[in-house]
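# A look at the structure
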Amino acid sequence: MKAFAKLSLLGCAALFAATAANASVIVNYNADANAGQAQFMSYLSGPTVVENFDGLANGTAANGGTHQNSWMSHANSYNTNVGTFSLISAGQGGSNLFNNHLMIESRSTGEYGREALSTYQGDLWLDSNDARAVSWQFNNAQTAGMNAFGFFIADAADVGATLTLYFDDNSSSDSYTISPYLASGNLGFVSVRSSMSITGATLSFLNSKGNDGWGIDDIIVGNLPEPGSLILLGLGVIGLGAARRRQKA
C-alpha cells in the first residue's frame, strides 16, 4: 500500500510539472462582439466575477460642452471587482482634460464612437482617455484561481493607431494587436484564456499613438474546465495503471 501511494504521488507531481511546462495563453479579438461573447461564455464552467463599472461614478456628471470636457468620474487608477486599472502613460493633452487619468463615462459624457458600450440608462464604461499605456492587474481575491476573462472593447484603432493587448500570467505570455483604421465606433469582444491561474497577472493596453482611445465594459472573469479535467483524467490513468500492476503481482 505504501508503494502504491508513493507511486501515485510521484505520478501527480510529474503531471503537475507537465501542466506547468505546457502553460499557454490565448488572446483573441472578435469583431463580431456578440458572437465573441457567446463563444467565450460557452468555454466557461462554474461561477464568474463581473464588472460593469456602473458603481464607479461620482454621482454628478461633469458636462463641459464637449465630450473631451465631460465625464462621470476620473482617477489615475480604479480598484474594481476584477482587479486594478491604472493609466501608465498619458496621451494627448490640450482639450483632453485630466489626460493622466482614466475616466468613467456614460452615453451623455463619453467620447465619440464609444456609445455602443452603453445599452441602458446609467450604463457606464471605463475609458482610456486616449492613454498611450494602461495596465490591468489581477490583484484581488475575487478572481483568485480563475484562468479566463473577456470584455467588450469599443472604438479602438480607428485613427491610425494600433492597440496591442499584452497578457502575462507569470508562466507564459501572449499578445494580440488590433490593426489600425477600423471603422469609428467599432465594437469587438476580447477574450483571454490561460492554462494557469491569472492571480497576479497583468494585461497591458499599449497604444501606438497618443490621440486614439478606447472604452471597455461588461468584463467577465471565470474558469475553463479543461485544466482540471486533464488533471483528474491523469490521476485516473495513474490509479488504473497502479491497480493493474497490483493485480499482476
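All of these numbers come straight from a predicted model, not from anything done at the bench. (Residues numbered from 1 in each chain as written. Predicted model: local features only at pLDDT ≥ 70, side-chain atom pairs only at ≥ 80, totals over all residues. Heavy atoms only, no water.)

Turning our eyes to something else, we now look at the packing of aromatic side chains. Taken as a whole and assessed by the stated rule, the structure comprises 15 aromatic pairs. Where phenylalanine 151 meets phenylalanine 205, the ring centres are 6.0 Å apart and the plane angle is 55°; that geometry is what we call tilted. One end of the pair, phenylalanine 151, is in strand 9 (residues 148-154); the other, phenylalanine 205, is in strand 13 (residues 202-207), and 54 residues separate them in sequence. On the accessibility criterion, phenylalanine 151 (0% relative accessible area) is buried. (Phe/Tyr/Trp six-rings, centres within 6.5 Å; stacked < 30°, edge-to-face > 60°. Helix = DSSP H or I, 4+ residues; strand = E, 2+ residues; numbered from the N terminus. Buried < 20%, exposed > 50% of the residue type's maximum accessible area, 1.4 Å probe, protein only.)

Our focus in this paragraph is the side chain of asparagine 129. Within the fold, asparagine 129 resides in the loop between strand 7 (125-127) and strand 8 (133-137). You can call asparagine 129 buried: its relative accessible area is 0%. Once you skip the residues sitting within four places of it in the chain, asparagine 129 turns out to touch Asn96, Leu97, Phe98, Asn99, His101, Met103 and Glu111. (Contact = heavy atoms within 4.5 Å.)

The phi dihedral of aspartate 130 is positive, around 65°, even though this residue is not glycine. Mapped onto the fold, aspartate 130 is located in the loop between strand 7 and strand 8. Overall, aspartate 130 belongs to the buried group, its relative accessible area being 3%.

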